[in-house]
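An overview of the molecular structure
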Amino acid sequence: MDQANPFETPRTYSLHRAEYLVGLAVTTGLIIAHFGDIRWWVAIVLFLYIDLIGYIPGAIAFKRSGGRPISKTYYVLYNVMHSLITQAAVAALWCWLVEPEWALLVLPFHLFGDRGLFGNFMKSFALPFEPVRQPGYLRLLDDLGLAHPKAVGHATEPVPVGHVPAKPAPRQQEAVR
């Protein structure tokens, strides 16, 4: 919402996703325009490697955990592999070591699709690996007078992991007394 409150309401979240849908539309247009120029086996490998390294291991660990916390390593793998910075570096290295080619379009296509279509952004250590509605966020929406998002339908409702509640500031402690 702003620099002091870096969380989003459902509306700003939708607008944020819409920006990535524009990127997805542009990359889709370029893929269609250069369809015959793409080495498809390279494109498929580049598209899949992001999730094979960055998502699948964490999703499996999350499913197996039964709602218990999983290693932060999975979060780091996800965030590194789903970073536009990382994939820009991969594309630059590919251009330097192999050759510039249209198959590289699948890198931003993958990330723009994840963010625009599915709403998947970076993962916080303070939340479960897979999206689960959090009571604190729901209370915030209540305070703002906004509707709750729909549940994502996990069999279990894991609690936040790695979150340490902040200690109230000295003035807040005095107000509580």
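Up top is the structure.
Residues numbered from 1 in each chain as written. Predicted model: local features only at pLDDT ≥ 70, side-chain atom pairs only at ≥ 80, totals over all residues. Heavy atoms only, no water.

**Let's talk about the overall build of the protein chain**
Helix and strand counts for the protein chain stand at 8 helices and 0 strands. Helices and strands appear in the protein chain in the N-to-C order α-α-α-α-α-α-α-α. Counting across all 177 residues of the protein chain, residues that qualify as buried make up 30%. (Helix = DSSP H or I, 4+ residues; strand = E, 2+ residues; numbered from the N terminus. Buried < 20%, exposed > 50% of the residue type's maximum accessible area, 1.4 Å probe, protein only.)

**Considering the packing of helix 1 (residues 10-33) against helix 6 (residues 106-116)**
Close contact between helix 1 and helix 6 brings their axes to 8 Å; oriented N to C, the two are set at 145 degrees. As for the relative orientation of helix 1 and helix 6, their crossing is left-handed in sense. Of helix 6, the residues touching helix 1 (which contributes Arg17, Tyr20, Leu21, Gly23, Leu24, Thr27, Thr28 and Ile31) are Pro108, Phe109, Phe112, Gly113, Arg115 and Gly116. Across the contact of helix 1 with helix 6, the residue classes tally to 7 nonpolar, 5 polar and 2 charged. (Axes fitted to C-alpha atoms, helices over the stretch in contact; angles between N-to-C directions. Left-handed = near helix turned anticlockwise from the far one by under 90°. Contact = heavy atoms within 4.5 Å. Nonpolar A, V, L, I, M, F, W, Y, C, P; charged D, E, K, R; others polar.)

**Here we look at helix 2 (residues 40-54)**
Between its first and last C-alpha atoms helix 2 spans 21 Å; for 15 residues at 1.5 Å apiece the expected length is 21 Å, and the two agree. If you look at helix 2, its biggest bend is around 30 degrees, right at Leu48. Listed in full, the buried residues belonging to helix 2 are Val42, Ala43, Leu46, Tyr49, Ile50 and Gly54. (Expected span 1.5 Å × (residues − 1). Bend = angle between axes of the 7 residues up to and from the residue.)

**Comments concerning the side chain of His110**
Tracing the backbone through its elements, the reader meets His110 in helix 6. In terms of polar contacts, His110 uses its side chain to reach the backbone carbonyl oxygen of Phe47, at 3.0 Å. With residues near it in sequence (within four places) discarded, His110 still touches Phe47, Ile50, Asp51 and His82. (Polar contact = N/O pair within 3.5 Å; in protein donor to acceptor, adjacent residues only side chain to side chain.)

**Remarks on the nonpolar core**
If you look at the biggest cluster of nonpolar residues, it comprises 15 residues, and the most contacted ones within it are Leu46, Tyr49, Ile50 and Leu107. If you list the elements that add at least two residues to this core, you get helix 2 and helix 6. Among the elements that line this core, the one with the most residues is helix 2, at 5 residues. In contact with Leu46, not counting residues within four places along its chain, are Trp94, Ala103, Leu104, Val106 and Leu107. With 6 residues, the next largest nonpolar core counts Ala61, Phe62, Ile70 and Phe129 among its residues. (Core = buried A, V, L, I, M, F, W, Y, C linked by side-chain atoms within 4.5 Å.)

**Things to note about the packing of helix 2 against helix 4 (residues 72-81)**
The contact between helix 2 and helix 4 brings their axes to 8 Å, and the two run at 160 degrees. In this view, helix 2 runs roughly antiparallel relative to helix 4, as classed from their interaxial angle. As helix 2 runs across helix 4, the sense of the crossing is right-handed. For the pair helix 2 and helix 4, the contacting residues are Tyr49, Ile50, Ile53 and Gly54 in the first and Tyr74, Leu77, Tyr78 and Met81 in the second. A breakdown of the residues in the contact of helix 2 with helix 4 according to their chemical character gives 7 nonpolar, 1 polar and no charged. (Parallel < 35°, antiparallel > 145°, perpendicular 65-115°, else oblique.)

**Quick look at the environment of Thr28**
Topologically, Thr28 is positioned in helix 1. A relative accessible area of 27% places Thr28 in the partly exposed class. With 78 residues separating them along the chain, Thr28 and Val106 place their C-alpha atoms 8.9 Å apart. A polar side-chain atom of Thr28 sits 2.7 Å from the main-chain carbonyl oxygen of Leu24.

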